[in-house]
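Given next are the chains, with one letter for each unit.
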Amino acid sequence: MKYRAVLTQTASCVVEFEAPEDATPEQLEAAALEAETPTLCHYCASSDRNQSLNIDGDWELFRDEDGKPEIAVDGDR
C-alpha cells in the first residue's frame, strides 16, 4: 500500500542587490525584497516523479533579535 504525506520546511536564500552607499535601512530592505530570488526548474518542481517541491508565498527579510533586517555589505561575511 502506498501513502503520501506533506512535509514542510522553512526555506531561505541569499540575494545580492545594488543600493546607494548612503541608502537608509528602509531603502536597503526595499531593494533586497525587489532582488531576484531563486526559483525551481521544471524538473525539480514536477510531480512526474511522484515528488514535488513548491515554494509559495512572499520572501521576508531575516531579522536579528532586535527586529533589524540582517543586511551585510559585500565582503562582510
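Above this text you will find the structure in question.
First, a word on scope: everything that follows refers to the structure included in this document. Residue numbers restart at each chain and count upward from 1, following the sequence in its written direction. Only residues with pLDDT of at least 70 get local features here, since the model is predicted, and only at 80 or more are side-chain atom pairs given and counted; chain-wide, interface and lining totals rely on the full set of residues. Processing note: side-chain calculations cover all non-hydrogen atoms of the structure and skip hydrogens and water entirely.

## Some remarks on the overall build of the protein chain
Across its full length, the protein chain carries two helices and zero strands. The buried share of the protein chain, reckoned over its 77 residues, is 8%. In this analysis, two residues are considered to be in contact whenever any of their non-hydrogen atoms come within 4.5 Å of each other. Taking all contacts inside the protein chain whose residues are at least 6 apart in sequence as the whole, residues at least 24 apart take part in 35%. The protein chains shown are the only cover counted for residues, whose accessible areas, like all others here, come from Shrake-Rupley with a 1.4 Å probe. For the protein chain, the computed accessible surface area is about 7,700 Å², with 47% contributed by carbon and sulfur atoms. Only DSSP runs of H or I reaching four residues or more are called helices, and only runs of E reaching two or more are called strands; each is numbered from the N terminus. Exposure is judged per residue with a 1.4 Å probe applied to protein chains only, and the accessible area is read against the type maximum: over 50% gives exposed, under 20% gives buried, and values in between give partly exposed.

## Section: the pattern of salt bridges
The rule for a salt bridge is simple: a side-chain nitrogen of Lys or Arg has to be within 4 Å of a carboxyl oxygen of Asp or Glu. Applying the stated criterion across every chain, the model contains one salt bridge. Its salt-bridge partner being Arg 63, residue Glu 29 comes within 2.5 Å of it at the nearest N-O pair. Within this pair, whereas Glu 29 is found in helix 1 (residues 25–34), its partner Arg 63 is found in the segment after helix 2 (42–45), the two being separated by 34 residues in sequence.

## Notes on the environment of Ile 71
Along the chain, Ile 71 falls in the segment after helix 2. Through-space distance from the C-alpha of Ile 71 to that of Glu 16 is 9.9 Å; in sequence the pair is 55 residues apart. Look past the residues within four positions of Ile 71 in its chain and what remains in contact with it is Phe 17, Leu 28, Glu 29 and Leu 61.

## Concerning a nonpolar patch on the surface
Side chains of Leu 40, Leu 53 and Ile 55 sit close together on the surface and give an oily, nonpolar patch of about 240 Å² of accessible area. Tracing the sequence through the fold places Ile 55 in the segment after helix 2. Residues qualify for a patch when their relative accessible area is over 30% and they have no salt bridge, like charges being joined within 9 Å and the nonpolar side chains of Val, Leu, Ile, Met, Phe, Trp and Tyr within 5 Å.

## Focus on the environment of Ala 45
Residue position: Ala 45 is located in helix 2. Each C-alpha atom of the pair Ala 45 and Ile 55 lies 9.0 Å from the other, and the pair is 10 residues apart in sequence. Beyond its immediate chain neighbours, meaning those up to four positions away, Ala 45 contacts Leu 40, Ser 52 and Leu 53.

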